[in-house]
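Summary of structural features
Here are the chains, one letter per residue:
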Amino acid sequence: MTLDVELAEVRDFLAAHEPFAGLPPQVLERLPARMSVEYVRRGREIIARGHDNHHLRVLRAGAADVRDAQGTLVDRGEAGSTFGSITLTQGNPSTFSVTAIEDCLVLLLPEDDFHALCREHPDVDAFFDAQRRSRMSGAVAGLRVSGSGHAILTTPVHELVARGVVSVPASASIREAATTMTEQRVSSLVVLDGDRLVGILTDRDLRSRVLAAGADPAAAVTTVMTPDPVTAPAESLAFEALLTMTSRRIHHLPLVDAAGRPAGVVTTTDLLRLEEANPVYLAGDVARQADVEGVARAASRLPRVVEGLVGQDASADDIGRVVTAVGDAVERRLIALVEEEMGPAPVPYCWMALGSRARLEQALATDQDTALVIDDAVDDAGLAWFATFAERVTEALVRCGYPRCTGGVMASSPQWRRTLRAWRREVSSWVASPTPEAVLHSAVFFDMRPVHGDESLHARLQQHTLASTPGAATFLAHLAKDAGAHEPPLGFFRGLVLEKAGEHKDRLEIKRGGILPVVELARVHALATGSPAVNTRARLEAARRAGVIGDELADDLRDAFEFIGYVRLRHQSAQVRNGSPPDNFVDPATLSSFEKRHLREAFAIVRSAQQSLGRRHLTQFVS
């Protein structure tokens, strides 16, 4: 039905909500007249999964839930929320359902008007692009725990073809075809009449139709090939190709382009290899390796996994957990291999991850941060055993792509390998006498998580740590001071501050000024309240529950942390794709105006939170 409310009222409503708030006044004046209105009762669908949608829908009043194909809640919208942009840009039918959880009044903008608005106003287009990433990330979360690879198998099948078409003409002999297959090291080739595909010859055909049947190698290849084989469009999806092959019981599928010309051959092995890009498969594959070289080969696939997750719009939090899980699998397998070589440990111990991996936030540009807690019953011979053990594990990690920590924070260093009693004394010393070195070491060590061994040793050490810090005002003040030392790269007029010299000149250092400050803020709040949480998001939530920070700041810091982390991971993924080692220095030229604007907002949130933390703790600071 036509819009039955005052157009001026709708205009004012749109002007109060993103992305319409930034539109020029003349555009806002015209927009309401292009809209219609729909009333949806509670429990009814606004957009139905599996059905076509041809409108952008703006929630004028009420609330609605967005759920993915598995029924997982992806988003919850209130007045001002928009729905339908994914189908309008990615195509129908809808892969999400939007259901009213209250009686709703919905404004409908036709798809033609939506596309015109996005074309003419890049910031609006960028807004909906970010919204699509956000809503899709919730649906991707299930990928971490699913070994099926279904999400992975949405890869276009042509991306699996590693080489051009290997072919012989229809006039070739069987011997010539077999020679070509041997020289090209392929298990199949296509047979062409001109540029028309007339058949396929596989190694199975050579065994069953030539060797077993005693065929003459000088005969024409057309006598033993499979004529007019099943083909698939090169642009089809991998899971469609796999369904075709399993239903037809074939192992080689020729691909053809839009003109019907051969574009390559995909095999069942190629398709099943996609499972190797599934993080669950990768972690399991690591655990099956029999030596360090095997672990290294398996671990080398991790960047590909990250690239795939970034391409599927997984959140930075999701990806950090995946990278961490693979890192844990690598470390556990290497520890087991070293134990097999050296024999059982003389006393119980706990191998711990520190830093970003302890927080489940590891990215690609990372080194080792580890520590070892040893049972107090160890003797001198046992300490020597653990020294050798830790060095061997550390060196194996280097061979698997995890370089040594430049600061020496590794279990192979004596100061990071102690008995439980010695660790308790060290923690107490750090808290009682917060020298710069003590604050630096505690900041790393207090982000600890057990990876292998007797977890009760970690639990007792963590209990001692949490009991030591809440009342330690001077120590917390020093820690808060350090948390404010990493300034976000934001200039006086909210411009992004770039590196001024060195190999990363004119790049944006996104870790030191964006990610670390949030980590440090959350750590101080956790230690001040005695929270056992280690993950940054969990620490922020604990600080919210304790009333240390308000709801708005907790939400803002969580979102800023996620956005900055996602920009970093996308940058690292692009570097891996281009064959460059991943780092934390982003070229601002690769950022959209939307990303630059939101990075500035994220950095501003971090700076404000740092100032608030300083006011809370530094009044008690003793220099």
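Placed above this text is the structure.
Notes on the structure follow. None of the values given here were measured: they were computed from a predicted structure.

What follows concerns the side chain of N584. Among the structural elements, N584 can be located in the loop between α22 (551-577) and β21 (585-586). At 3.1 Å, the side chain of N584 and the side chain of R568 are in polar contact. Separated by 3.4 Å, the side chains of N584 and Q572 make a polar contact. Excluding its chain neighbours within four sequence positions, the residues that come into contact with N584 are A365, L508, E509, I510, K511, R568 and Q572.

Time to look at the sheet that holds strand β11 (residues 196-202). Taken together, the four strands give an open sheet; going across it, the order is β9-β10-β11-β12, and neighbouring strands pair in mixed fashion. Either end of the sheet is taken by a strand with one partner, and the two such strands are β9 (167-169) and β12 (226-227). The pairing of β9 with strand β10 (residues 188-193) spans three bridges and is classified as parallel. Bridged to V168 within β10 is V191. Helix-sheet contacts for helix α7 (residues 203-211) involve β11 and β12, and the interaxial angle to β11 is about 70°.

On to the packing of aromatic side chains, then. Applying the stated criterion across every chain yields a total of 15 aromatic pairs. Consider the rings of W385 and F389, whose centres lie 5.1 Å apart with planes at 15°: the pair is stacked. With W385 and F389 both in helix α15 (residues 380-399) and four residues apart, the pair spans about one turn of that helix. Comparing W385 with F389, the two get one shared label, buried. On the numbers, 6.4 Å between centres and 85° between planes, the contact of F386 with F389 is edge-to-face. Placement of the pair is F386 and F389 together in helix α15, with a separation of three residues, close to one helical turn. Classification of F386 by relative accessible area gives buried; the value is 0%. Members of the aromatic cluster, joined through ring pairs, are W416, W423, W430, F445, F446 and F475. Lying over the aromatic face of F13, R60 brings its terminal NZ or CZ to 4.4 Å of the ring centre. Cation over ring: R418 sits above W423, and NZ or CZ is 5.2 Å from the ring centre.

This part covers the nonpolar core. Within the largest apolar cluster, 59 residues are counted, with the highest numbers of intra-cluster contacts made by M352, W423, F445, F446, L461 and L599. With near-sequence residues (within four places) excluded, W423 lies in contact with A371, L372, V373, Q415, W416, R417, R418, W430, F445 and L461. Listed in part, the 48 residues of the second largest apolar core include V338, L364, W385 and V393.

We now examine the sheet that holds strand β13 (residues 232-233). Taken together, the three strands give an open sheet; going across it, the order is β13-β14-β15, and neighbouring strands pair in mixed fashion. Single-partner strands in this sheet number two, and they are β13 and β15 (262-267). In the sheet, β13 pairs with strand β14 (residues 252-256) via two bridges, with the strands oriented parallel. What sits directly across from A232, in β14, is L255.

At their nearest, the axes of helix α17 (residues 436-445) and helix α19 (residues 473-483) sit 10 Å apart, and the two run at 80° to each other. On the basis of the axis angle, α17 is roughly perpendicular to α19. Counted together, V439, S442 and A443 of α17 and F475, H478, L479 and D482 of α19 form the full contact between these two elements. Its residues placed into classes, the contact of α17 with α19 shows four nonpolar, two polar and one charged.

For an α-helix, 3.6 residues make a turn, and residues three or four places apart therefore share a direction. In a regular helix each residue adds 1.5 Å, so 27 residues correspond to 39 Å; helix α13 (residues 316-342) covers 39 Å between its end C-alpha atoms and thus fits that length. Most of α13 is tucked away: 20 of the 27 residues are buried. Directly after α13, the chain includes G343, whose backbone phi takes a positive value near 90°.

Going from E18 to P19, the amide bond is cis rather than trans, its omega being 0°. Relative to the helices and strands, P19 resides in the loop between α1 (7-15) and α2 (25-30). Unusually for a residue other than glycine, R185 sits at a positive phi of about 55°. With respect to the secondary-structure elements, R185 resides in the loop between α6 (174-184) and β10. Even without being a glycine, D506 presents a positive backbone phi close to 65°.

Moving on: empty space enclosed by the protein. Applying the stated rule across the entire model yields three cavities of 30 Å³ or more. Here the second largest cavity is characterised by a volume of approximately 80 Å³. Taken together, F446, M448, Q462, T465, L466, A526, L527, S531, P532, A533, V534 and R539 make up the full set of residues lining the second largest cavity. Put simply, the parts of the chain that give the lining of the second largest cavity at least two residues each are α18 (455-468) and α20 (511-529). Counting residues per element, the lining of the second largest cavity draws most heavily on α18, which supplies three residues. Considered class by class, the residues forming the lining of the second largest cavity number eight nonpolar, three polar and one charged.

A separate point is the pattern of salt bridges. According to the stated counting rule, one finds 35 salt bridges in the structure shown. Its salt-bridge partner being R404, residue E395 comes within 3.2 Å of it at the nearest N-O pair. Exposure remark for R404: the relative accessible area of 32% places this residue in the partly exposed category. The residue E426 makes a salt bridge to R418 at a minimum N-O spacing of 3.7 Å. Through salt bridges that share partners, E541, R544, D551, D555, R558 and D559 make up one connected network.

Reading the values: rules and limits
- Residues numbered from 1 in each chain as written.
- Predicted model: local features only at pLDDT ≥ 70, side-chain atom pairs only at ≥ 80, totals over all residues.
- Heavy atoms only, no water.
- Helix = DSSP H or I, 4+ residues; strand = E, 2+ residues; numbered from the N terminus.
- Polar contact = N/O pair within 3.5 Å; in protein donor to acceptor, adjacent residues only side chain to side chain.
- Contact = heavy atoms within 4.5 Å.
- Pairing = 2+ DSSP bridges.
- Axes fitted to C-alpha atoms, helices over the stretch in contact; angles between N-to-C directions.
- Phe/Tyr/Trp six-rings, centres within 6.5 Å; stacked < 30°, edge-to-face > 60°.
- Buried < 20%, exposed > 50% of the residue type's maximum accessible area, 1.4 Å probe, protein only.
- Lys NZ or Arg CZ within 6 Å of the ring centre and 35° of its normal.
- Core = buried A, V, L, I, M, F, W, Y, C linked by side-chain atoms within 4.5 Å.
- Parallel < 35°, antiparallel > 145°, perpendicular 65-115°, else oblique.
- Nonpolar A, V, L, I, M, F, W, Y, C, P; charged D, E, K, R; others polar.
- Expected span 1.5 Å × (residues − 1).
- 1 Å grid on protein atoms, 1.4 Å probe; cavity = no way out; pocket = protein on both sides within 12 Å on 5 of 7 lines; lining within 4 Å.
- Points joined across faces, edges and corners; volume = space filled by probe spheres on them.
- Salt bridge = Lys/Arg side-chain N within 4 Å of Asp/Glu carboxyl O.

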